[in-house]
Amino acid sequence: MTSQSGWRPDWTVPPGEILAEELETRGISQSELARRMDRPVKTINEIVNAKAAVTPETALQLELALGISASLWTGLETNYRQQLAREKVLSQFEDHIDWASSFPLKELRQRRVIDPDATGGELVASLLRFFGVSSVNAWKQRWETPRAAFRRSTAFESSLHATAAWLRWGENAAAEVPTEPFDRGRLLGVLTEARSMTREEPFADVVEDLREDLASCGVVLILTPDLGGTRASGAARWLSSERALIQLTLRYKSDDQFWFSVFHEAGHLIGDRNVEFVDADTDPDGEADEAERRADRWARDVLIPPDDYERFVAAGRFDASAVREFAKEQGVAPGIVVGRLQRDRHVPYGSLNTLKRKLDWV
């Protein structure tokens with residue numbers, strides 16, 4: 001049987017073994033077969049003992065001499081040589097167990113992102129297959145020297161391997177989602193209309209509607225749980241010149257956090273074509289770069305227009321009734337207004353949280 005990874009076929013045998021069994025069954029000696037094929041006995045013996053390969057020419061001669069299809073012999077030879085190559089590669093992969101151990105293996109196995117039964121060299125092979133590279137060195141070239149926007153993220157500082165696995169998970173999931181070509185103007189329109197979606201329920205249906213709307217303008221929305229060791233909260237990436245990806249973790253516990261993250265990542269796509277961003281869950285030094293501040297401002301101002309927000313703040317009334325009334329006027333969820341007031345320190349972080357909707361992830 002072949003394993004899930006496709007690296008352990010236990011039926012592979014050298015063609016010489018099959019040839020030896022066939023000769024014994026027919027009562028034909030190696031010398032007799034050599035005469036029938038007009039080949040040296042030494043050659044037949046080397047094939048039987050897997051010291052010489054069955055070439056296409058030899059396979060045709062075996063077909064004529066024994067009546068067994070040449071394709072069977074060449075197939076056996078190909079499978080056998082591939083298996084030898086696999087065993088050699090897997091043996092070499094054993095030197096990279098420490099690299100594999102740096103990933104959140106328990107979670108990747110539980111979610112069947114990698115082969116849950118793989119160990120040793122096969123574990124390394126399963127990880128490489130997941131990342132779509134053929135060697136650990138190729139992986140390092142891709143992920144240890146990430147693009148400039150990636151390097152700015154403290155998510156990578158937290159755990160390079162976990163963050164890379166989380167991002168690759170999103171890439172693989174996005175590959176299965178069809179989209180229209182990227183259209184910046186349409187994306188702006190979709191996001192403007194999405195403001196009203198923040199008030200709708202149930203949340204799972206709203207997310208599916210949002211996925212469809214974003215796909216229509218060339219953006220894939222993927223929600224993946226965070227993996228151990230990563231502080232990534234979201235990412236905005238370009239899969240191609242015509243397809244973008246917004247990937248979010250499922251760590252959001254309230255609607256204001258989720259929607260702000262959606263609009264923040266979309267702000268990156270609108271403002272920074274072909275630049276990729278991985279946003280950390282926290283900014284411990286408070287030193288977000290200008291691109292991050294720009295995305296924050298864009299998300300903030302699209303969700304709640306600046307002039308309307310300033311008017312509301314100037315009134316100085318931040319009780320639950322006033323917040324509900326202002327949110328209804330704006331056409332957004334009350335939790336979004338609360339989140340904005342808390343971030344701007346107009347109310348304490350523990351205040352008005354009952355107006356935020358808790359998210360129940362499925």
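Residues numbered from 1 in each chain as written. Predicted model: local features only at pLDDT ≥ 70, side-chain atom pairs only at ≥ 80, totals over all residues. Heavy atoms only, no water.

Asker: Outline a negative patch on the surface, listing residues and values.
Answerer: The grouping of Glu200, Asp205, Asp209 and Glu212 at the surface amounts to a negative patch. Its location among the elements puts Asp205 in helix H14 (residues 203–215). (Patch = residues over 30% accessible without salt bridge, like charges linked within 9 Å, V, L, I, M, F, W, Y side chains within 5 Å. Areas by Shrake-Rupley, 256 points an atom, 1.4 Å probe, with all protein chains shown as cover. Salt bridge = Lys/Arg side-chain N within 4 Å of Asp/Glu carboxyl O. Lys, Arg positive; Asp, Glu negative; His and termini not counted. Charge placed at Lys NZ, Arg CZ, Asp CG, Glu CD. Helix = DSSP H or I, 4+ residues; strand = E, 2+ residues; numbered from the N terminus.)

Asker: Kindly report on the pattern of salt bridges, identifying the contributing residues and their values.
Answerer: In the structure shown here, the tally under the stated rule is 17 salt bridges. For Glu171, the salt bridge goes to Arg237, with nearest N and O atoms at 2.4 Å. Residue Glu171 is found in helix H12 (residues 160–174), and its partner Arg237 is found in strand E2 (residues 232–240); the two are separated by 66 residues along the sequence. Linked by salt bridges that have partners in common, Arg168, Glu171, Arg237 and Glu276 make up one network.

Asker: Could you give me a rundown of the sheet that holds strand E4 (residues 277–280), with the residues and numbers involved?
Answerer: Ordered by their spatial adjacency, four strands build an open sheet running E1-E3-E2-E4, and the pairing between neighbours is mixed. Each of the sheet's edge strands pairs with one partner strand only, and the pair in question is strand E1 (219–223) and E4. Across this sheet, the average inter-strand angle for adjacent strands is 15°, counted without regard to direction. Pairing of E2 with E4 involves four bridges; the strand directions are antiparallel. Across the sheet, the residue bridging to Gly234 is Asp279, located in E4. Along the sheet, helix H15 (residues 255–271) makes contact with E1, E2, strand E3 (243–248) and E4, crossing E3 at roughly 150°. (Pairing = 2+ DSSP bridges. Axes fitted to C-alpha atoms, helices over the stretch in contact; angles between N-to-C directions. Contact = heavy atoms within 4.5 Å.)

Asker: If you had to explain the confidence of the model for the protein to someone new, which residues and values would you point to?
Answerer: Residues at a pLDDT of 70 or more form 91% of the protein, whose mean pLDDT is 90. Ignoring residues within four places in sequence, the model shows residues 1–9, a span with pLDDT below 50, making 26 contacts including any to other chains. (pLDDT = per-residue confidence, 0-100.)

Asker: Give me the pairing of E3: which residues, what numbers.
Answerer: Burial runs high along E3: six of the six residues are buried. Burial of the side chains of E3 extends over both faces: Arg243, Leu245 and Gln247 are buried on one face and Ala244, Ile246 and Leu248 on the other. Of the pairings in the sheet, the one linking E1 to E3 comprises five bridges and is parallel in character. Across the sheet, residue Leu221 finds its bridge partner in E3, namely Ile246. Where E2 meets E3, six bridges bridge the pair, whose relative direction is antiparallel. Paired with Ser240 across the two strands is Arg243, which belongs to E3. (Buried < 20%, exposed > 50% of the residue type's maximum accessible area, 1.4 Å probe, protein only.)

Asker: Now, about the nonpolar core: what can you tell me, with residues and values included?
Answerer: Core analysis: the biggest nonpolar cluster contains 50 residues, and Leu210, Phe258, Val337 and Leu341 have the highest contact counts within it. Considering each element in turn, this core owes the most residues, eight residues, to H15. Leu105, Phe130, Trp143 and Trp166 belong to the second largest nonpolar core, which has 30 residues in total. (Core = buried A, V, L, I, M, F, W, Y, C linked by side-chain atoms within 4.5 Å.)

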